[in-house]
Amino acid sequence: MSTTISGMDQPGANRSGATSNVPDTHRQEIHAWVRKFGIRQALVLLVQGLSVAILCMIACASIIVLLDTLRMIDDPTRYALSLGMYALSIGVGLWYGIARWWRKEDPIQLAKHVEHASPQLNESLLSALELDRTPIEKRHFSAEFLAAIQRNVAQQLQGLSIPKMLPWSLVRRVVLSALGAIGFVIALFGLPGMDMPTRFARAFLPFMDIQRPSKSKILVLSPAQSPSTVPENQSVSFEIQVQGAPTQDAYLETRLASKGRYATPERLPMNLVQHEPLMFATAVALSNEALEYRFVSGDAVSAYRKLTTTPRPKVTRFHQSIDFPEYTNVPKSSRSSDRGDARLL
């Protein structure tokens, strides 16, 4: 450890200042300057981490959009890739600087960063902080010696500019890259006929059931509403009309609502019932469980819809109230049974 001290008191000089408040003032100045340096460093690293996270997220989202457009991935795979995108972006953002924002840095470590940025300090700042941290009972130097070092370091720090030591140019390239990536995505949004906002929304919002953009359009004719309620153990008709690009096939995909959105659906072919307009239909027998379904035709995939079932109404018990004529002098009576037959004389 090398220490350079300018203006240290010579032997025999007046040392009464060592007992004044001047040394403590120099100590406070040093710690305040180091804190400002730490705040500036954390801010620069925060901007760097956010920029890297944005770059990573846009790159991953672009890959997901490409795979989704080429129909190379199904919905569960898209969900997993989107969650992986967020996890990776958060991870690299924390690694490249975001974590520094709330992590308290040790002054000694900050001093090492300062010494690296300003070699002219010749480790004097590091010496001042290490000597000041040394317990009094373990000190092998006088208070005047420490005061002289702190005074010298405080004078040197006054000539150093923190913004010049940590300029924004250090992160200019990564920030401009992130802004360029954002501009690239915005430019893609403006391309006609590409539906890029919807495609990126499917990558960024996997928890929302957003329909994939397509040249074909599916119009659901039956069931007309979603959600719909039908009696259990009944056959339900499904009918769609396909608009846009012509197609020869259509499919109904179903899954039980109890198995969740990540369950693999069962695909059933639909029958072509009309060419102009192009219409497909099929029927499915329901059990007593709620059913989620969607339609696939050409490059179009509809959003999931829901059918819930309800028990058919049935009579479980009969309640009868009998009013006899007044001349019979028979009081009014009532009875209940599981049979509805009544016989009166």
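Our subject is the structure that appears above.
The text that follows walks through the structure, step by step, so that each part is easy to find. (Residues numbered from 1 in each chain as written. Predicted model: local features only at pLDDT ≥ 70, side-chain atom pairs only at ≥ 80, totals over all residues. Heavy atoms only, no water.)

**Focus on the overall build of the protein**
- Secondary structure assignment for the protein yields 8 helices and 12 strands.
- On C-alpha atoms alone, the protein measures out to a radius of gyration of 39 Å, which is more than a quarter above the 20 Å that the 2.2 N^0.38 rule sets for 345 residues.
- Counting only C-alpha atoms, the protein reaches 135 × 70 × 30 Å along its principal axes.
- Every one of the 345 residues in the protein was classed for burial, and the buried ones make up 36%.
- Accessible surface, the protein: about 20900 Å² in total, of which carbon and sulfur atoms supply 58%.
- Computed over 37 positive and 29 negative side-chain charges, the separation of the two mean positions in the protein equals 2 Å. (Helix = DSSP H or I, 4+ residues; strand = E, 2+ residues; numbered from the N terminus. Rg over C-alpha atoms; globule rule 2.2 N^0.38 Å. Buried < 20%, exposed > 50% of the residue type's maximum accessible area, 1.4 Å probe, protein only. Areas by Shrake-Rupley, 256 points an atom, 1.4 Å probe, with all protein chains shown as cover. Lys, Arg positive; Asp, Glu negative; His and termini not counted. Charge placed at Lys NZ, Arg CZ, Asp CG, Glu CD.)

**Structural notes on the packing of aromatic side chains**
- Under the definition given, this model contains 7 aromatic pairs.
- Between W33 and F37 the ring centres are 5.9 Å apart and the planes differ by 15°, which places this aromatic pair in the stacked class. Here the residue W33 and the residue F37 both occupy positions in helix α1 (residues 22-69), the gap between them amounting to 4 residues, near one helical turn.
- In textbook terms, an aromatic cluster arises when at least three aromatic residues are bridged by ring pairs, as seen for F189, F200 and F204. (Phe/Tyr/Trp six-rings, centres within 6.5 Å; stacked < 30°, edge-to-face > 60°.)

**What about the pairing of strand β4 (residues 251-256)?**
- Two elements, β4 and strand β5 (residues 266-269), share 4 bridges in a ladder whose sense is antiparallel. The residue bridging T254 from the neighbouring strand is E266, located in β5.
- Relative to strand β8 (residues 291-297), β4 runs antiparallel, the two sharing 6 bridges. For Y251, the partnering residue across the bridge sits in β8 and is V296. (Pairing = 2+ DSSP bridges.)

**Topic: the pattern of salt bridges**
- Summed over the entire model, instances satisfying the criterion amount to 13 salt bridges.
- We note a salt bridge from R133 to D106, for which the minimum N-O separation is 3.2 Å. One end of the pair, R133, is in helix α4 (residues 124-133); the other, D106, is in the loop between α2 (75-95) and α3 (107-117), and 27 residues separate them in sequence.
- Residue classification places R133 among the partly exposed residues on the basis of a relative accessible area of 47%.
- Since its relative accessible area comes to 33%, D106 is described here as partly exposed.
- A salt bridge links E292 to R255; its shortest N-O distance comes to 2.8 Å. In this pair, E292 is assigned in strand β8 and R255 in strand β4, connecting sequence segments 37 residues apart. R255 carries the same exposure label as E292, and that label is buried. (Salt bridge = Lys/Arg side-chain N within 4 Å of Asp/Glu carboxyl O.)

**A few points about the side chain of T282**
- Positionally, T282 belongs in strand β7 (residues 278-285).
- With near-sequence residues (within four places) excluded, T282 lies in contact with V236, S237, F238, L252, P269 and M270. (Contact = heavy atoms within 4.5 Å.)

**Things to note about the nonpolar core**
- Core analysis: the biggest nonpolar cluster contains 23 residues, and I30, W33, F37, L125 and L157 have the highest contact counts within it.
- Apart from the residues lying within four places of it in its own chain, the contact partners of W33 are V114, L157, L160, I162 and M165.
- Formed by 19 residues, the second largest nonpolar core is a distinct cluster that contains I218, V284, L291 and L307. (Core = buried A, V, L, I, M, F, W, Y, C linked by side-chain atoms within 4.5 Å.)

**Some points on a nonpolar patch on the surface**
- A cluster of nonpolar side chains, namely L43, I90, L94, W101, W102 and W168, defines an oily patch on the protein surface of about 640 Å² accessible area.
- Relative to the elements of secondary structure, L94 occurs in helix α2.
- Residue classification places L94 among the partly exposed positions, given a relative accessible area of 33%. (Patch = residues over 30% accessible without salt bridge, like charges linked within 9 Å, V, L, I, M, F, W, Y side chains within 5 Å.)

**Side note on the environment of L256**
- Along the polypeptide, L256 turns up in strand β4.
- Taking the C-alpha atoms as reference points, L256 and A283, 27 residues apart in sequence, are found 16 Å from one another.
- Setting aside chain neighbours within four positions, we find L256 in contact with E289, A290 and L291.

No statement about biological role is implied by the geometric values presented.
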